[in-house]
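# Architecture at a glance
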Amino acid sequence: AANASGGAAISPATALSMAGMFLHLRGNYPEAMTLYDYAIDLRPRSIDVLLKRASLWYEREEEAKAIADFEAALALDGAHGDIYCHRGQLYILQSKISAAVDDLRKAVQLDPGSVLARIQLGMALHRSQQPTEARRVFADAEAAFPDSPDVLNYHGELLVEAQEMEAAKAKFSGALSISGNKFALAHVNLGVLELHRKQDLEAAIKHCEKAISVDPLCETAHVHMAHLCLQKYDLRGAVAAYDRAVEMLRLKQELVDCYSMREATAAQLALIDSQPAIYEPLLAEHRQRAAMAAAGMG
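What comes next is a walk through the structure. Just so it is clear, the structure is predicted and the values come from calculations on it, not from any experiment.

## So, the pattern of salt bridges
Here the idea is simple: oppositely charged side chains can pair when their charged atoms come close. Scanning the model with the defined rule gives 20 salt bridges in all. As a salt-bridge pair, D37 and R53 come within 2.8 Å of each other at their nearest N and O atoms. You can see D37 sitting in helix α2 (residues 29-42) and its partner R53 sitting in helix α3 (residues 47-59), a full 16 residues away along the chain. On the accessibility criterion, R53 (15% relative accessible area) is buried. A salt bridge links E59 to R250, with the nearest nitrogen and oxygen atoms 2.9 Å apart. With E59 in helix α3 and R250 in the loop between α14 (235-248) and α15 (252-274), this residue pair connects regions lying 191 residues apart in the sequence. The partly exposed category is assigned to R250, whose relative accessible area is 28%. Taken together, the shared-partner salt bridges in this structure form one network comprising R105, E133, R136 and D140.

As structure tokens, this is what we get:
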């Protein structure tokens, strides 16, 4: 079918799914769920919508319903790699690593062209104490997808966990090179490395600022910026960064952790603002010590 402009018409089920995904990403879960339900009513065999709804069930902490949607999708097509990939991701979040590895192996077998499945399999293998195979998976992924900054970045994160910092730095730098310096997570990860290896707080902040400049919607960058502001005793900056992160985070536990830190920081700031003559000199002293430590003088 074609629309009046001559292009392919979008079916009602697809339009509902797209609108549901938009609301889902904006955090409007009730309306997103309603639209996903309508889309599935119109097209009961839509695996794509079932996977989206399963993700939403999980974010609403209704994990049994998420698993039920995965099972329904598999009943429609047991050889669909995306189903195993997404269910494997859910198992990782549930810390069911063995089940995750099984699903992600199946996902890669069914769809060797899935970058996401290979990355998730590598990370799951690493967490299941299978480092040799995890490294092989990432090496194979780099060979198969030489232009993927995601592969290099997550390989770098694996190397950080293995305490191989120089190798990790090379992967993060490679991700930036491939992406034209626009891969936000690699900027964040380089900042974390600078902080842990050299205690260079200012360099870490600059990396986070760069991450935010190339991707203002990178919630990880805002969370890290808030933590860095706290280390610098910039409480006002930390509150602002936490506020931006809260607007973007979707998983409940991440939101709870972030908002708790935001409220604790805001309470400290309110106390300082209420009696600046008492607390500002103490805060200034802490800032000076932090600056001296960052400069290697403390």
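There is more to say, and it comes next.
## Considering the nonpolar core
I83, L104 and L121 are the most contacted members of the largest nonpolar core, which totals 54 residues. Looking at this core element by element, the count peaks at eight residues for α3. Excluding its chain neighbours within four sequence positions, the residues that come into contact with L121 are V101, L104, R105, V108 and V137. A184, V188, C208 and A221 belong to the second largest nonpolar core, which has 22 residues in total.

## A word on the environment of A226
By secondary structure assignment, the location of A226 is in helix α13 (residues 219-231). Between the C-alpha atoms of A226 and C258, which are 32 residues apart in sequence, the distance is 9.5 Å. Those residues in contact with A226 that lie beyond four places of it in its chain are A238, A241 and Y242.

## A word on unusual backbone geometry
We note that E61 has phi near 65°; this positive angle belongs to a residue other than glycine. Looking at the element boundaries, E61 is found in the loop between α3 and α4 (63-76).

Thresholds, definitions, all that
- Residues numbered from 1 in each chain as written.
- Predicted model: local features only at pLDDT ≥ 70, side-chain atom pairs only at ≥ 80, totals over all residues.
- Heavy atoms only, no water.
- Salt bridge = Lys/Arg side-chain N within 4 Å of Asp/Glu carboxyl O.
- Helix = DSSP H or I, 4+ residues; strand = E, 2+ residues; numbered from the N terminus.
- Buried < 20%, exposed > 50% of the residue type's maximum accessible area, 1.4 Å probe, protein only.
- Core = buried A, V, L, I, M, F, W, Y, C linked by side-chain atoms within 4.5 Å.
- Contact = heavy atoms within 4.5 Å.

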